[in-house]
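Below are the chains, spelled out letter by letter.
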Amino acid sequence: MREDESIGGAGGSHDGLREPPVKEVVENGTALVVRLAGELDLYNADAVREALADAMRRQPERVVVDLGDVRFIDSTALGILVEARSRLENRHAFVLAAPGPETTRALEVSGLDRHFDVRGSVDDALAG
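With that settled, consider the side chain of D41. Assignment of secondary structure puts D41 in the loop between β2 (31–40) and α1 (45–57). The class of D41 is buried, set by a relative accessible area of 8%. A polar atom in the side chain of D41 sits 3.1 Å from the backbone nitrogen of Y43. Here D41 is in contact with R18, F72, D74 and A77, once residues within four sequence places are set aside.

Going residue by residue along strand β4 (residues 94–97), you find F94 and L96 tucked away on one face and V95 and A97 tucked away on the opposite face as well. Taking the sense of rotation as the criterion, the β-α-β connection linking strand β3 (residues 62–73), helix α2 (residues 75–86) and β4 turns out right-handed. Pairing geometry for β4 and strand β5 (residues 117–119), over 3 bridges, is parallel. In the strand pairing of β5, V95 is matched with D117. With helix α3 (residues 101–110) bridging β4 and its parallel neighbour β5, the resulting β-α-β unit is right-handed.

The subject of this paragraph is the packing of α1 against α2. Contact geometry of α1 with α2 gives a least axis separation of 10 Å together with a crossing angle of 15 degrees. With respect to α2, the axis of α1 lies roughly parallel. The chirality of how α1 crosses α2 is right-handed. Between α1, through A45, V48, R49, L52 and M56, and α2, the contact on the second element is made entirely by T76, I80, L81, E83 and A84. By residue class, the composition of the contact of α1 with α2 is 7 nonpolar, 1 polar and 2 charged.

Turning our eyes to something else, we now look at the pattern of salt bridges. Counted under the stated rule, the structure contains 12 salt bridges. With a shortest N-O distance of 2.5 Å, R35 and D69 are connected by a salt bridge. Of the two residues, R35 is situated in strand β2 and D69 in strand β3; the sequence distance between them amounts to 34 residues. Given the relative accessible area of 30%, D69 is considered partly exposed. The salt bridge involving R49 is made with D46; its shortest N-O contact spans 3.4 Å.

Our focus in this paragraph is α2. Relative to the 16 Å expected for 12 residues at 1.5 Å per residue, α2 spans 17 Å between its end C-alpha atoms, a close match to the ideal helical length. When we look at burial in α2, the residues that qualify are A77, L78, I80, L81, A84 and R85. Along the axis of α2, the buried residues cluster in a sector spanning 155 degrees; they form a single face. Elements in contact with the buried residues of α2: β2, α1, β3, β4 and α3. Where α2 begins, one side-chain oxygen reaches toward the backbone nitrogen of T76, 3.0 Å away; that side chain belongs to D74.

The next subject is the nonpolar core. In terms of nonpolar packing, the biggest core is built from 30 residues, with L36, L52, V65, I73, L81, F94 and L96 touching the most fellow members. Breaking this core down by element, the ones donating at least two residues are β1 (22–28), β2, α1, β3, α2, β4 and α3. Contacts of L81, omitting those with residues within four sequence positions, involve L52, V65, I73, F94, L96 and F116.

Calculation notes
- Residues numbered from 1 in each chain as written.
- Predicted model: local features only at pLDDT ≥ 70, side-chain atom pairs only at ≥ 80, totals over all residues.
- Heavy atoms only, no water.
- Helix = DSSP H or I, 4+ residues; strand = E, 2+ residues; numbered from the N terminus.
- Buried < 20%, exposed > 50% of the residue type's maximum accessible area, 1.4 Å probe, protein only.
- Polar contact = N/O pair within 3.5 Å; in protein donor to acceptor, adjacent residues only side chain to side chain.
- Contact = heavy atoms within 4.5 Å.
- Right-handed = clockwise from strand over helix to strand, strands pointing away.
- Pairing = 2+ DSSP bridges.
- Axes fitted to C-alpha atoms, helices over the stretch in contact; angles between N-to-C directions.
- Parallel < 35°, antiparallel > 145°, perpendicular 65-115°, else oblique.
- Left-handed = near helix turned anticlockwise from the far one by under 90°.
- Nonpolar A, V, L, I, M, F, W, Y, C, P; charged D, E, K, R; others polar.
- Salt bridge = Lys/Arg side-chain N within 4 Å of Asp/Glu carboxyl O.
- Expected span 1.5 Å × (residues − 1).
- Arc of directions from axis to C-beta.
- Core = buried A, V, L, I, M, F, W, Y, C linked by side-chain atoms within 4.5 Å.

Printed below as a string of C-alpha cells:
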C-alpha cells in the first residue's frame with residue numbers, strides 16, 4: 001500500500017492538520033509490517049481497519065504493527081487491533097512493535113499489554 005492509498009474513507013482524509021494513520025505496509029520475508037502514525041482514533045478508524053484487514057487477507061506468517069510513530073491511540077483503535085488479531089489463525093503471529101509512552105500507557109490501562117505480544121522494536125518483532 002502506498003502512503004496515498006491510506007488516505008480517504010470516513011475520517012481518513014488528510015486536511016493538513018493530521019497525518020494519514022497508515023504510513024505504509026511492507027513485506028519483510030514472510031511477514032508484513034504495517035506502519036501506523038499520528039493519532040489513531042474514531043476519526044481515522046476506517047483507514048486503520050482497512051489496512052489491517054487487507055494485511056490479514058494476505059495471510060502472512062507474521063504481522064508486525066509498527067507503533068513507533070503513533071502519538072495517541074484511543075479505545076476505538078485499540079479495538080481495531082484486537083479485531084485484526086482475531087482474523088489470524090495463529091494469534092501469536094500478530095505483534096505490536098515500538099510503542100511510545102502514550103501508546104504503552106493505553107495498552108497498560110486497557111490491560112491489552114497482557115494479551116498482545118509487544119516488542120520494543122520492529123527488528124525484535126520480526127525476529128520472533
